[in-house]
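Okay, here's what each chain looks like letter by letter:
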There are 4 protein chains.
Amino acid sequence: MTNNAILLISCPDQPGLVAEVTRFLHERGGNIVNLDEHVDREARRFFMRVEWELEHFEISGKEKIVEIFKSRIADKHDMEFQIHFSDYKPRMALFVTKASHCMYEVLYRSQSISENWNVEVPLIISNRESLRDNAEPFGIPYHHFDINKENKKEVEQRQIALLKEHKIDFVVLARYMQIVTQDFINEFPNRIINIHHSFLPAFIGPRPYHSAAKRGVKIIGATSHYVTTDLDAGPIIAQNVHRVSHRDSVKEMMRKGRDVEKLVLSEAIRLHLARKILVHNNKTVIFD
Amino acid sequence: MTNNAILLISCPDQPGLVAEVTRFLHERGGNIVNLDEHVDREARRFFMRVEWELEHFEISGKEKIVEIFKSRIADKHDMEFQIHFSDYKPRMALFVTKASHCMYEVLYRSQSISENWNVEVPLIISNRESLRDNAEPFGIPYHHFDINKENKKEVEQRQIALLKEHKIDFVVLARYMQIVTQDFINEFPNRIINIHHSFLPAFIGPRPYHSAAKRGVKIIGATSHYVTTDLDAGPIIAQNVHRVSHRDSVKEMMRKGRDVEKLVLSEAIRLHLARKILVHNNKTVIFD
Amino acid sequence: MTNNAILLISCPDQPGLVAEVTRFLHERGGNIVNLDEHVDREARRFFMRVEWELEHFEISGKEKIVEIFKSRIADKHDMEFQIHFSDYKPRMALFVTKASHCMYEVLYRSQSISENWNVEVPLIISNRESLRDNAEPFGIPYHHFDINKENKKEVEQRQIALLKEHKIDFVVLARYMQIVTQDFINEFPNRIINIHHSFLPAFIGPRPYHSAAKRGVKIIGATSHYVTTDLDAGPIIAQNVHRVSHRDSVKEMMRKGRDVEKLVLSEAIRLHLARKILVHNNKTVIFD
Amino acid sequence: MTNNAILLISCPDQPGLVAEVTRFLHERGGNIVNLDEHVDREARRFFMRVEWELEHFEISGKEKIVEIFKSRIADKHDMEFQIHFSDYKPRMALFVTKASHCMYEVLYRSQSISENWNVEVPLIISNRESLRDNAEPFGIPYHHFDINKENKKEVEQRQIALLKEHKIDFVVLARYMQIVTQDFINEFPNRIINIHHSFLPAFIGPRPYHSAAKRGVKIIGATSHYVTTDLDAGPIIAQNVHRVSHRDSVKEMMRKGRDVEKLVLSEAIRLHLARKILVHNNKTVIFD
């Protein structure tokens, strides 16, 4: 595995941006292995993801690349940009409550050689003891925090301290049945991934399968999104659906839904880890 | 093609209903060719669709069957039921505005031998002249009604009169851009089929593709439903979806959506014509 | 949970079968909770699945029900039939090789309370040591059999002996990379479930993803089926698909395929456990 | 609508190709509005589609652009390339036999303002009279050629002459029930689009729905592909599928299949018209 750099750009659109960026990399010995760009015509905004091999690249070190790219290219085009190195293993914290399917799926993939997720999971956090035994075989410390209305803010501060201590890069809410507060979200902007068990924006809030059954829909779904302070309204990363019929009770919908949930959440994590997501204006650009 | 009878039943659940109904038909020489039943456990309600050949059936005539079935079976079990004969061709009125794709699809199928829809389309009604030329090759009279806020109630009365004159059984709103009033709906309870260009209950109301693009969903859809007085909230008959991405402008979403809309609407009409839909409690039971 | 009986029937079609069977059950106090029937018009064959509560049923014991149903109904209509009790927990043996995703999925579900699978898994059998550690947390004995061309028949005999010793009802090949012989199959007719990593009948045999990539298909799939002596040609139970594009390397196809495989295999097992599958003429009737 | 140029490139992969091409266009005043590239790692081949506005582009005329791009860029990198102008309306010939659904769909779209297909359809060719009346409302000349074993080669020569006379760019076989010969194919390499009514490579050849029903598959499909001399084995452009069950007779499969066929064929034509397809090694790269 060679070490690659990944550059994500978001800026006002104008002619020549692709030519300029690719030339910058090419002239410094960067062999581009992936390039994807998108122009949002309506918003007149340009998005780009480019990945190149670092082996013969002239500039060494992430800070140096950031510095030079910023001064030569980014500043004059008012670019927001990020640079990631593929040999860094992002650190994920997994938040769970009682439902085990998403936790299992995510932990299984995080440890599967064939899935090849490039992730470190230093800890699991829960507001319940329920899944401690299920988590045990995966060998990841399980931290239980008792949460109630009174202590919520204080508990979250302790959680944040724990996450910082473990140098957590991003958080995954794997059917975590607590609404996280604005303070918590502010610590991880566009770095908290939630799975909501409905096809958003339909059935926001609790008990979406009950609402779906009551409405008599013929298709159910699940949505993974970055968490913002607006409940279930953050930028959508991935969605998928499953057919249902009048024969499906709420329980059957939940059964079918679990499979959708765990795959959609896994897809969002995979995209996040591969640095394939750009967020702008509460929407995602997914370069996959 | 033999002539078959179709019996649709909805009643409080209790043991022995299938045995009793099938025995009733069997003892009178009715050869059952299709039987489907469903019990809604939560609502404790029983639904059944049974189709039998009339050839050797002892009782002649729809009224007679209704009368005898009512007195022998239906009354004592508090059944709502309908009986339809397969040799009757239901009469459909098609309402359109400017978008041609649903109109074309429905008219094509209504005249296609292989689709074999068993329907009569005596007239098209529109609030615009736009599609008169497109409708012309299908040889169906096109009635234009100018509608505005002031004359809406009066125009609807004229429309109802026209529908009655043509003995219309059910109405299809094929992207008809007018909200029909309660008076109109009352004339055709569970007999007005609408296509809404979103995956309901998401994006109720006008311009759903614009809302979908704004929200950044990854899947769009379409929903056919019976019209009730609650806007876009009637019993759902069929739904389907299509993937979209950040690359899809509103226009592209509309393009992908049109294919979903026309197929979903056609599916709802097919099911309605085949007497495969039962409505209870604002939801459909689809025996297909 | 009440104990229910499930009756599966396959016989030449003729009028009155549903009436006769439901009357038989109803008259003996059997409250029918599910009934599904299907007539294959071309083959003139009748299929039925009926489930009833045993609580107030007059006849006690499976053997007695079999005996009386056979003499009163089955024999005169040339019926093949099976009767199952819902309180019996079928015993499954899991065969694996190197790929872990299907094994994990099946074991997770077999132990998940919400999946509620009603199954006992007394043992895992493998031709490799590879997955012993992965299986360990599930607490199920892992039996390794070294297999080669020379000892294959003899090893299979030992496997069969082991399966009999553990009173195994059915076998699941969860990406087991050995072709089982006719002798083995004969021991478990329509009771060996395989997952093939292609959309059968396309890409029979080994390395289907390589073949799919070479052919340039735009959709890949997976197929679960009962194993017969004809390779990858047994009765299909479940299939599903996933979109691919020119961007997907063989490795990417494998990644997408794994998710399809594990869900399709799980679906087949669920249907098998719920006694919802009838096999006739190398095809399945799925009453779900 | 501005006039854009579209450049399609296929060549051996090497570093710097994107930079070089985008720089070439940018330096000559070409504002790039779409860029998509793909590297087939295994085949070590580079593919690119780039679209730019001609308004301020220095080089005038397609021949001139071809000439300069060839001498400056293409030759030294061993590129195969095509250049298309978006203001040219490709001319399509439609071949049909008896089934009307694909013909209707294609003609409807070719004339629909919202579909905006940018195509001219100067003629329909058929080996039957069956669809003459159906084609009539679309106002396109319908040419009937009686074909049999003896006259096939000679008829094809007359068809080719007719196509040339009408300056036909590409041919669409819309459920045309004749196998076209090598001579015919050679006249339109990668410019004959066929719709096959199965999920290729499953069920090659005639009567695929009968084969699908016999095999008991749970999903059927349709495939559009460029025609090569190897029957049903040309480069696949688009595929889609539909669920079926034991309840679906061959006739029902055909009904469900028709909807898939007509949408898949339309998708292939749309992609072809938009110059979004590159063919290499009997596979397609679809830049959509």
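This one's a predicted model, so the numbers in the text were calculated from it and none came from an experiment.

Enquirer: Looking at this structure, how should I read the environment of Asp36(D)?
Expert: Inspection of the secondary structure puts Asp36(D) in strand E2 (residues 31-40). With relative accessibility at 14%, the residue Asp36(D) sits in the buried group. It is 9.6 Å that separates the C-alpha atoms of Asp36(D) and Val18(D), two residues lying 18 residues apart in sequence. What Asp36(D) contacts, discounting residues up to four positions off in sequence, is Arg247(C), Phe47(D), Met48(D), Arg49(D), Phe287(D) and Asp288(D). In terms of polar contacts, Asp36(D) uses its side chain to reach the side chain of Arg247(C), at 2.6 Å.

Enquirer: For this particular structure, what's the right way to read the confidence of the model for chain A?
Expert: Should pLDDT be low for a region, the predicted coordinates there are not to be read in detail. Summary statistics for chain A give a mean pLDDT of 96 and a share of 100% for residues scoring 70 or more. With a pTM of 0.97, the predicted complex shows an ipTM of 0.95.

Enquirer: What is the right way to look at unusual backbone geometry in this model?
Expert: Both trends apply: most residues other than glycine have a negative phi, and most peptide bonds are in trans. The residue after Leu200(A), namely Pro201(A), is reached through a cis peptide bond having omega 10°. Mapped onto the elements, Pro201(A) comes out in the loop between strand E9 (192-196) and helix H7 (208-215). In this structure, Asn281(C) is a non-glycine residue whose phi angle is positive, near 60°. Along the chain, the position of Asn281(C) falls in the loop between strand E12 (277-280) and strand E13 (283-286). The backbone of Asp78(D) sits at a positive phi, close to 55°, despite the residue not being glycine. Residue position: Asp78(D) is located in the loop between helix H2 (62-74) and strand E4 (80-85).

Enquirer: Explain the side chain of Thr97(D) to me, please; I cannot follow it from the model alone.
Expert: All names here are of chain D. With respect to the helices and strands, the residue threonine 97 is situated in the loop between strand E5 (91-96) and helix H3 (101-111). A distance of 2.8 Å separates the side chain of threonine 97 from the side chain of asparagine 127, its partner in a polar contact. Reaching out from threonine 97, the side chain makes a polar contact with the backbone nitrogen of methionine 177 at a distance of 2.8 Å. Once you skip the residues sitting within four places of it in the chain, threonine 97 turns out to touch Ser126, Asn127, Arg128, Ser130, Leu131, Arg175, Tyr176 and Met177.

Enquirer: Can you help me understand the interface of chain C and chain A in this one?
Expert: One frequent convention defines the size of an interface as the accessible area lost when the parts assemble. Contacts between the two partners involve 17 residues from chain C, matched on the other side by 17 residues from chain A. Between chain C and chain A lies a buried interface of about 1800 Å² when both sides are counted; carbon and sulfur atoms form 45% of it. For the interface between chain C and chain A, the tally reads six salt bridges. Between Glu115(C) and Arg258(A) there is a salt bridge, with its nearest N and O atoms 2.9 Å apart. Where chain C touches chain A, the interface holds twelve residue pairs in polar contact (both at pLDDT 80 or more). Secondary-structure elements contributing two or more residues to the side of chain C that touches chain A are helix H3 (101-111) and helix H8 (250-273) of chain C. Among the elements that take part in the side of chain C that touches chain A, H8(C) stands out by supplying seven residues, more than any other. The residue inventory of the side of chain C that touches chain A, partitioned by class, reads five nonpolar, three polar and nine charged.

Enquirer: Honestly, the pattern of salt bridges in this entry has me stumped. Any pointers?
Expert: Two side chains of opposite charge can pair, provided their charged atoms sit close to one another. Residues and elements named next belong to chain A. One pass over the full model with this rule turns up 89 salt bridges over all chains. Across the pair lysine 262 and glutamate 105 runs a salt bridge whose closest N-O atoms are separated by 3.7 Å. Of the two residues, lysine 262 is situated in helix H8 (residues 250-273) and glutamate 105 in helix H3 (residues 101-111); the sequence distance between them amounts to 157 residues. Side by side, lysine 262 and glutamate 105 carry an identical accessibility label, which is buried. Measuring nitrogen to oxygen at the nearest pair gives 2.9 Å for the salt bridge that ties arginine 270 to aspartate 288. Placement of the pair is arginine 270 in helix H8 and aspartate 288 in the segment after strand E13 (283-286), with a sequence separation of 18 residues.

Rules and cut-offs
Residues numbered from 1 in each chain as written. Chains lettered and ligands numbered in written order. Predicted model: local features only at pLDDT ≥ 70, side-chain atom pairs only at ≥ 80, totals over all residues. Heavy atoms only, no water. Helix = DSSP H or I, 4+ residues; strand = E, 2+ residues; numbered from the N terminus. Buried < 20%, exposed > 50% of the residue type's maximum accessible area, 1.4 Å probe, protein only. Contact = heavy atoms within 4.5 Å. Polar contact = N/O pair within 3.5 Å; in protein donor to acceptor, adjacent residues only side chain to side chain. pLDDT = per-residue confidence, 0-100. Buried area = accessible area lost by both parts, 1.4 Å probe. Salt bridge = Lys/Arg side-chain N within 4 Å of Asp/Glu carboxyl O. Nonpolar A, V, L, I, M, F, W, Y, C, P; charged D, E, K, R; others polar.

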